[in-house]
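Structure at a glance
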Amino acid sequence: MTIMGKDNINDSAGVVENLPFSFQEDLNISRPAHDDEEDDFDSVGSENSCEEYIQFESHRDDNALEVGISFTWPSSSSLSSSSSLSLPSSADKKFTLSTLLEPDDLAPIFAGAQWAGTRVWDAAIRAMQYLESNHSEEMKQGGSLCELGCGLGVPGMIYHMLGGNVVLTDQECIMSQLKKNCIETFPETFIETTTTTTTTTISHPSKLASTTALSKNTIITHPLTWSRKGYHELLTRTGYKDKKGFDIVLNCDCVYEPLYGKSWNLLVEVIDECLKVNPQCIVLTSVERRYADGIEHFIQKMENSQHVQSVEKVREKDPRNIEIYLTRGKFI
């Protein structure tokens, strides 16, 4: 999933070294040798263990360029009877999402962070499995979730489909893609936030959102620059400041130093602020372990943050090297 704070990417490492290995292979660039030769950057569309749980279909144009994906979430959960969503039965929860960026948002091939935002990663699927297994009641009762660096926003969309309120955040350059997918998938409950230098409005694609509409289950998209100030602006502009933040904050595959540099420092700042605003919030971090990923340093800084009570590894020994960490806040 993509992240904010991309300006802090370690440029000195060299452009080629920061490319996903799948890009390097396409360009016939030699892959660096390391101890884990099975480490790769396949997204869910590739052959791997996640395909045993969920099947993705790639849609391509006449030039064999992927333009979208579709999948059906194999959920056995039923929607809350109070949910405002008008969705098919649990057997027919099919998503079709565009993976194309708008022309103005296209980035050079070396801008790997933007490319990552058009893929669905194993870590995102494992995170949603964990949420559905351990927090289904909160979802069905309209619990709130904020996804950081959401990319295509698949976990957040599924959380919303199952009854929860969701705010999807990422960098500005992929907001148009994210907005388009949300409008097409959730036309009745999607809310777009728009801002100016002096005013803030929350608007529905077809009408202004009333207070009544905002009291129902909604899914919102909004750009977020990873900072404490940026997080408070997000809360204000999405209407969650009065709600004391979110019940769950999720980030998936947002830590990998060869691609994102040390921007995980900014991620830690945002997570710490989330827990300061709402100590009862839980933060779920799902990552695929890769060579020199920097995750140990990220976890260590999390553990030493002012408003963090504990960081617990709740999933490991995954065939795809997925680890999931649950972070809880501290009452000060």
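Just above, that's the structure.
Where helix 8 (residues 228–238) meets helix 10 (residues 264–277), the axes come as close as 8 Å, and the angle between the chain directions of the two elements is 50 degrees. By the angle between their directions, the pair helix 8 and helix 10 is classed as oblique. For the pair helix 8 and helix 10, the crossing hand works out as right-handed. Note on element contacts: helix 10 touches helix 8 through Glu 269, Val 270, Asp 272, Glu 273, Cys 274 and Val 277, opposite Arg 228, Tyr 231, His 232 and Leu 235.

A few words on the pattern of salt bridges. This structure, assessed with the given rule, holds 16 salt bridges. A salt bridge links Glu 273 to Arg 228, with the shortest nitrogen-to-oxygen separation between them at 2.5 Å. With Glu 273 in helix 10 and Arg 228 in helix 8, this residue pair connects regions lying 45 residues apart in the sequence. In this structure, a network of salt bridges that share partners links the residues Arg 289, Asp 293, Glu 296, Lys 313, Glu 316 and Glu 323.

Moving on, we get to unusual backbone geometry. Unlike most non-glycine residues, Lys 317 shows phi in positive territory, near 55 degrees. Relative to the helices and strands, Lys 317 resides in the loop between strand 11 (308–315) and strand 12 (322–329). With a relative accessible area of 82%, Lys 317 lands in the exposed category. With a phi angle near 60 degrees, Asn 321 is a residue other than glycine that sits in the positive phi range.

So, how was this worked out
- Residues numbered from 1 in each chain as written.
- Predicted model: local features only at pLDDT ≥ 70, side-chain atom pairs only at ≥ 80, totals over all residues.
- Heavy atoms only, no water.
- Axes fitted to C-alpha atoms, helices over the stretch in contact; angles between N-to-C directions.
- Helix = DSSP H or I, 4+ residues; strand = E, 2+ residues; numbered from the N terminus.
- Parallel < 35°, antiparallel > 145°, perpendicular 65-115°, else oblique.
- Left-handed = near helix turned anticlockwise from the far one by under 90°.
- Contact = heavy atoms within 4.5 Å.
- Salt bridge = Lys/Arg side-chain N within 4 Å of Asp/Glu carboxyl O.
- Buried < 20%, exposed > 50% of the residue type's maximum accessible area, 1.4 Å probe, protein only.

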